[in-house]
There are 2 protein chains.
Amino acid sequence: MNNFTFHIPTDIRFGKDQIQCLPEELKKYGKNVLLVYGGGSIKRSGLYDKIRDLLKDFEVSELSGIEPNPKLTSVEKGAAICKEKDIQVILAVGGGSTIDASKHIAAAACYDGEPWELVKDRSLVKKALPVAVVLTICATGSEMNSGAVISNEKTHEKLEINHPLLYPKLSVCDPTYLYTLPPEQTAAGAVDILSHVMEQYFQSNDEAYITDVLSEAVMKTVVKYARKAMDEPQNYEARSNLMWASTVGLNHLLTVGKGGAWSVHPIEHVISAYYDITHGVGLAILTPAWMEYVLSDKTVLRFARFAREVFGVKETDDAKAAELGIEKVREFNRSLGMPSTLTEVGILQDKFDEMAAEAVRTSGISLRAYVKLEISDVKKILMNCR
Amino acid sequence: MNNFTFHIPTDIRFGKDQIQCLPEELKKYGKNVLLVYGGGSIKRSGLYDKIRDLLKDFEVSELSGIEPNPKLTSVEKGAAICKEKDIQVILAVGGGSTIDASKHIAAAACYDGEPWELVKDRSLVKKALPVAVVLTICATGSEMNSGAVISNEKTHEKLEINHPLLYPKLSVCDPTYLYTLPPEQTAAGAVDILSHVMEQYFQSNDEAYITDVLSEAVMKTVVKYARKAMDEPQNYEARSNLMWASTVGLNHLLTVGKGGAWSVHPIEHVISAYYDITHGVGLAILTPAWMEYVLSDKTVLRFARFAREVFGVKETDDAKAAELGIEKVREFNRSLGMPSTLTEVGILQDKFDEMAAEAVRTSGISLRAYVKLEISDVKKILMNCR
C-alpha cells in the first residue's frame, strides 16, 4: 500500500432540509455572497427562491449561466464580480460544473494575474475565498474534493486545477433536490460516478485490498440504483445512495494506497473540449472501448475480479469473466439509454489524430496510467468508438 | 437513509516514515508538548528515542504508564501536568487507551472542575488542547474519531466522552510500528475492529445500502488479514490493510445514514470495568452469544446477508446462512486464539446481575439498539457465555 495523506476539511450536511444551516454557516465568512448557478432549473424547482429567502440578511451578488463543461470566460466574470463587490464567500448551487467554476473563481478572486495561469501552474494558488455548495446534480464528487475542471474555449484545453485550498468548506447534499433531474442527467451522472471509481480501481497496486473492496462497494451501489433513480425520480433511497456514492466516489477514499494516472477521463476531456458533449455520455462511449483495448494477460485478473465483485459474474474462467465484465458495462450503459458510439453523437474521425495527441499531452496517460497509452493507442481507442 | 453530518478534521499521514512530519506539525501549536504513552514497548522498539530526537527543539513533559482500559487517575495526572507546564499540544503515542486518555486530558486541561464531570456531561467541554497521535496498535479507531472511553476505578464505570473538539488534529499511522505487536494484541485489535463495524452494520435501517456495502468491505478486510498479521508480523500488506480498516471502521463513514445504539460494546465495557480484561477478548466472547440471542425472524435477513457477504457463505436458505454466519464468527475468533467463554478468563456468574443492570443503565441498549435488550436479556447473554 502506497503512503498517503487523508485530510478532507469539508463539512457535509446530508439529507432532507439540511439547507436550513446556510445562514448560520455562511455568516462565519461574512455578509457578501456570490451566488453561482447554471441555467433556470433552480428557479423552476423553487430552490432559488428558498435560498434567496434564507440569505435575506446577506448582500448577494449573482453569477448565473454556468454552462456544462464550465468555461474560462465564466470564471473570469465571476472573479471580476468578487473583486468589485468584495465578496467574502461563494455559494455554488448546482452540480460539478457550477462547483468547479466556483472553485476556480474562488482562487482567481485572490489572484492578480489571469485566472488561466492558476490552471497551468497550481503553485500560484496562495489563497482562495471559501466556497459553500448546495448540490443539485450528483456526479463529479466536486462537493468533497479539491479539484475543478475548466475548459478554455480559445485553446480547446479542458484541464484540472487541484489545490487543498479549493475544498468546499460546506456542502449541503439533499437528495430531494435530485427529484427534478431529467433522466438523461441522472444517467450521465451515474456513468460519471462509476467511471471515477473505475479510474481509481484499475491501477496496478494490488496490495491496497481495503481500497479495492471499498471501491467495489461504491460501484455496486451505482449499478443497483442508477436505473431505479431514472424510473422513480422521487425514490429517496435511490437518490440518496447515488448522491453519497458520488461524494465518496471521488473524495480520495478510493484512491488511498493506490494512485496512478487516469485513462478514460483525459480522453473524454479532450472530446468534450472539442465537441462540448455531456461528460457522462463521452465516458459511456469510451469506457468499454478502453477496457477492451487494455485487457491482456497482465490485466485479466483485475478485470475478472471487477466482473465478479461489481456485476456478480459467476464465470470461473478469468478470461471469460473479464470479457463478461466489459459486456456488463455495455449493458449497464445501454440500460441507462446511453449512446454507444461517437458517430451517434455527431463526432466523426477527422479530429481523432489531434485529439489523441492532446489527450496524451495534457495527462499522465502515457506515463503513469494503469496501461500506458501512446498517441497511437488513444487513436485506436477512438477509432473503435466509431 | 437518515440525515447525517460528516466532517472529520483529522489529518491522517499514513505509511512508512510519515513520523518525520511531527516537528513541523506540532510547532503549529507551540513548544510545550505532553508526551503520553503506555508501558515500555515504545522504548524497546526504539520509537521513543526516535520521537524524543524529532522533538529535540520542544519542551517535552511526559506522562507514561497509561494502562489498557485507561483510568481516570491517569487523566487527572495528565491534566495536572498540562496546567502546571502550560502544555500547548498533547502527543499520544500508542493505541486506543493512550489516545483516549490523551483526549480526555486535552479537555480536562481546559476545565476547572473535576475531569469526570466532563464524561458525565459533555456539554461542559468548551475547549480542548490539540491532540496529535502516533499510532502503534490498530483497533479502536480513536486516531480519527472524537470519542474516548475512560474507566473510573472508584465507581466501576467505563464510559465514553465524545465531542467534536476531541478529534485528533493529526494522526501518524505507520504500519511498520505494528511489526512488534505481540500476536495476542494483534488478535484483540482485529476482533475490536470487526466488532465496531458489526455494531454499525447490525442496525435496522436497510435503506443505507452504500453504508452497508462499505461496511462489508471493511469486515472482509479484517477477516482476510487478521490471522496473516499474527503469523507474519512484518507483512506490510496485512498490517497496512488492518491499520486502515481500524481507522475507517470507526471514523463515522460506516454509520452515516444509519445509527442506533450499540449492543455488544456496552456489555463488554461493564465486564472490563469490573474485571479489567482485554477489550477485544471480551468482545470475542460476547459477540457470538449476542448474535445467537438476537437472531430471529425479524433479523434473519441481515444475519444471512452478513454471512454471505463477509464470510462468503453459499447457503441459499436464509435461516441456515444466518446460523453459519455465527459459526463463522466463532471460527474466526478461534483462529485468532481467542477464548470463547467468560469462565476461561476467570469471570464467574456472581456479578452477572449487577453487570447486566449496569450495561443497561449506562447505554442505549434497552432503548435504541438493533434488538432492544433489557437487564434480563443481558443476563441471559452473559449466562450463555459461561
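Along each chain, residues carry numbers from 1 onward, in the same order as the chain's sequence is written. Written order determines the labels here, with chains lettered from A and ligands numbered from 1. Totals for whole chains, interfaces and linings use all residues, but because this is a predicted model, local features are given only for residues with pLDDT of at least 70 and pairs of side-chain atoms are given and counted only at 80 or more.

> I would appreciate a short explanation of the domain arrangement of chain A in the present structure.
Residue and element names in this part refer to chain A. Split by domain assignment, chain A resolves into domain 1 (11-177) and domain 2 (182-384). If you average the C-alpha positions of domain 1 and of domain 2, the two centres end up 26 Å apart. By definition, residues are in contact whenever their C-beta atoms, placed on the basis of the backbone, come within 7 Å of each other. At the interface, 20 residues of domain 1 touch 28 residues of domain 2. Helix and strand definitions here come from DSSP, where helices need a minimum of 4 consecutive H or I residues and strands a minimum of 2 consecutive E residues; each element is numbered from the N-terminal end. Breaking the side of domain 1 that touches domain 2 down by element, the ones donating at least two residues are β2 (11-14), β7 (147-152) and β8 (157-162). Per-element tally for the side of domain 1 that touches domain 2: the top contributor is β8, with three residues. Note: domain ranges come from an automatic or database domain assignment.

> It is not clear to me how the sheet that holds strand β5 (residues 89-94) of chain A should be interpreted in this structure. Could you clarify?
Pairing between sheet strands relies on hydrogen bonds along the backbone, with the strands arranged either parallel or antiparallel. Pairs of strands are assigned from DSSP output, requiring at least two bridges between the strands. What the seven strands build is an open sheet, ordered β4(A)-β3(A)-β5(A)-β6(A)-β9(A)-β2(A)-β1(B); its pairing is mixed. At either end of the open sheet lies a strand with only one pairing partner, and these are β4 (59-63) of chain A together with β1 (4-6) of chain B. Within the sheet, the average angular offset between the axes of one strand and its neighbour, ignoring direction, is 15°. In this sheet, β1(B) lies alongside β2(A) in antiparallel orientation, the contact comprising three bridges. Its bridge partner lying in β1(B), A:Arg13 is registered against B:Thr5. Across the sheet, helix α5 (residues 96-108) of chain A touches β3 (32-37), β5 and β6 (131-135) of chain A, and the angle it forms with β5(A) is around 165°. Here an angle of 0 to 180 degrees is reported between the N-to-C directions of two axes, which are lines fitted to C-alpha atoms, with helices fitted over the stretch in contact.

> Help me understand the sheet that holds strand β5 (residues 89-94) of chain B, please; the structure alone is not making it clear to me.
The strand order across the open sheet built from seven strands is β1(A)-β2(B)-β9(B)-β6(B)-β5(B)-β3(B)-β4(B), with neighbouring strands paired in mixed fashion. Looking along the sheet, the strands with just one partner apiece sit at the ends: β1 (4-6) of chain A together with β4 (59-63) of chain B. On average, each strand axis in the sheet is tilted by 15° relative to the strand beside it, whichever way the strands run. Relative to strand β9 (residues 170-173) of chain B, strand β6 (residues 131-135) of chain B runs parallel, the two being bridged by four bridges. From the neighbouring strand, B:Leu135 faces β9(B), where its bridge partner is B:Cys173. Most of the contacts of helix α5 (residues 96-108) of chain B go to β5(B), to which it runs at about 165°, and overall it touches β3 (32-37), β5 and β6 of chain B.

> I keep staring at the interface of chain B and chain A and nothing clicks. Help me out?
For interface size, the figure often reported is the accessible area lost on association. With 32 residues of chain B at the interface, the matching set in chain A holds 32 residues. Elements that contribute at least two residues to the side of chain B that touches chain A include exactly β1, β2 (11-14), α8 (209-231) and α9 (236-249) of chain B. Take the side of chain B that touches chain A: its biggest share by element is ten residues, from α8(B). Under the grouping applied here, Gly and all other residues not named as nonpolar or charged are polar, the nonpolar ones being Ala, Val, Leu, Ile, Met, Phe, Trp, Tyr, Cys and Pro and the charged ones Asp, Glu, Lys and Arg. Residues that form the side of chain B that touches chain A fall into these classes: 15 nonpolar, nine polar and eight charged.

> I keep staring at the packing of helix α4 (residues 72-85) of chain B against α5(B) and nothing clicks. Help me out?
How two helices sit against one another is set out by the angle between their axes and by the gap between those axes. All names here are of chain B. Here α4 crosses α5 at 50°, and the two axes come no closer than 8 Å. By the angle between their axes, α4 is oblique relative to α5. Considering only the axes of α4 and α5, their crossing is right-handed. Each of Ser74, Val75, Gly78, Ala79 and Cys82 in α4 lies in contact with α5, whose residues at this interface are Ala101, His104, Ile105 and Ala108. Here the contact of α4 with α5 is built from residues that sort into six nonpolar, three polar and no charged. For classification purposes, angles smaller than 35 degrees are called roughly parallel, those larger than 145 roughly antiparallel, those between 65 and 115 roughly perpendicular, and all remaining angles oblique. Note on convention: near helix rotated counterclockwise from far helix by under a right angle means a left-handed crossing. Clockwise means right-handed.

> Hey, could you run me through the relation of the copies chain B and chain A in this one?
Mapping between the two chain copies consists of a rotation about an axis together with a translation along that axis. In screw terms, the move from chain B to chain A is a rotation of 180° and a rise of 0.0 Å along the axis, fitting with an RMSD of 0.0 Å. Taken together, these values place the two copies in the relation of a two-fold axis. A shared interface surface links the copies, since 100% of the contact residues of chain B are contact residues in chain A too. Superposing copies: least-squares fit, C-alpha atoms only, residues required to have pLDDT of at least 70 in both.

> Hey, could you run me through the environment of B:Gly325 in this one?
Residue and element names in this part refer to chain B. Inspection of the secondary structure assignment puts glycine 325 in helix α13 (residues 318-335). Residue burial is a threshold on neighbouring C-beta atoms within 10 Å of the residue's own C-beta, all placed from the backbone, with 20 or more meaning buried, 12 or fewer meaning exposed, and counts in between meaning partly exposed. Overall, glycine 325 belongs to the buried group, with 25 C-beta atoms counted inside 10 Å. With 15 residues separating them in the primary sequence, glycine 325 and valine 310 have C-alpha atoms 8.6 Å apart.

> Could you clarify how one ought to interpret the environment of B:Asp318 in this entry?
Residues and elements named next belong to chain B. Looking at the secondary structure, you find aspartate 318 in helix α13. The exposure class of aspartate 318 is partly exposed, given the 17 C-beta atoms found within 10 Å. Taking the C-alpha atoms as reference, aspartate 318 lies 18 Å from glutamate 216; in sequence the two are 102 residues apart. Among residues more than four places away in sequence, those in contact with aspartate 318 are Val300, Leu301 and Ala304.

> How do you make sense of unusual backbone geometry when you look at a structure like this?
What you tend to see is this: most non-glycine residues have negative phi, and most peptide bonds are trans. Residues and elements named next belong to chain B. You will see that aspartate 17, though not glycine, has its phi angle at about 65°, which is positive. Mapped onto the fold, aspartate 17 is located in the loop between β2 and α1 (22-26). You will see that histidine 156, though not glycine, has its phi angle at about 60°, which is positive. Within the secondary structure, histidine 156 sits in the loop between β7 (147-152) and β8 (157-162).

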